[in-house]
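# Structural overview
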Amino acid sequence: MQRFEKKPDVESILFLIGIQELGDVRKKFSKEQKQDLMHIAICTVLSSSGYYELSHVDEDGWPHFTQLKPMPNMNPIEQENFLKDHILLYFQEHEFMD
């Protein structure tokens with residue numbers, strides 16, 4: 001927030017988690033790669049609750065996931081809160097916060 005002078009939204013946080021999980025900090029990603037990074041982040045944060053598991057990493061270093069169980073039926077606000085809770089859990093598990 002201090003660096004960009006605005007509160008980050010869920011999509012921005014997911015994008016950064018995706019970069020963290022990929023381990024590739026480059027200056028530019030294509031639009032498709034940005035979507036893939038957010039997908040990586042969603043699968044990663046939801047893996048702690050058993051929704052996804054890492055299946056493999058491809059030859060370019062991109063992780064791929066398998067869905068283990070269906071997502072609960074939620075409205076958009078519930079979905080965002082569900083993701084926020086899992087993002088916080090991710091940060092705690094990785095000791096980015098107390």
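Relevant structure appears above.
Summary of the structure given here. (Residues numbered from 1 in each chain as written. Predicted model: local features only at pLDDT ≥ 70, side-chain atom pairs only at ≥ 80, totals over all residues. Heavy atoms only, no water.)

Time to look at the pattern of salt bridges. Going through the model one piece at a time under the given rule, you end up with one salt bridge. Between Lys 84 and Glu 80 there is a salt bridge, with its nearest N and O atoms 3.4 Å apart. Here Glu 80 and Lys 84 lie together in helix α3 (residues 76-93), a separation of four residues that amounts to about one turn. You can call Glu 80 partly exposed: its relative accessible area is 38%. (Salt bridge = Lys/Arg side-chain N within 4 Å of Asp/Glu carboxyl O. Helix = DSSP H or I, 4+ residues; strand = E, 2+ residues; numbered from the N terminus. Buried < 20%, exposed > 50% of the residue type's maximum accessible area, 1.4 Å probe, protein only.)

Further remarks concern the side chain of His 86. Among the secondary structure elements, His 86 is positioned in helix α3. Residue His 86 is classed as buried on the basis of its relative accessible area of 7%. If we ignore the near neighbours within four places in the chain, the residues touching His 86 are Val 45, Leu 46, Ser 48 and Ser 49. (Contact = heavy atoms within 4.5 Å.)

Our next topic: the nonpolar core. General note: in soluble globular proteins, nonpolar side chains tend to be found buried as a group. Of all hydrophobic cores here, the largest spans 14 residues; its most connected members are Leu 14, Ile 17, Val 45, Leu 46 and Ile 87. When contributions to this core are tallied by element, the ones reaching two or more residues are α1 (10-22), α2 (31-47) and α3. Judged by nonpolar contacts, the second largest core, of six residues, contains Ile 19, Phe 29, Leu 37 and Ile 40. (Core = buried A, V, L, I, M, F, W, Y, C linked by side-chain atoms within 4.5 Å.)

On to the pairing of strand β1 (residues 52-57). In the sheet, β1 pairs with strand β2 (residues 63-67) via five bridges, with the strands oriented antiparallel. The residue of β2 that forms the bridge with Leu 54 is Phe 65. Taking the residues between adjacent antiparallel strands as the criterion, β1 and β2 are bridged by five residues, where Gly 61 takes a positive phi near 90°. (Pairing = 2+ DSSP bridges.)

Moving on, we come to the environment of Pro 70. Locating Pro 70 in the fold gives a position in the loop between β2 and α3. Put simply, Pro 70 and Lys 6 are 64 residues apart on the chain and 34 Å apart in space, counted from C-alpha to C-alpha.

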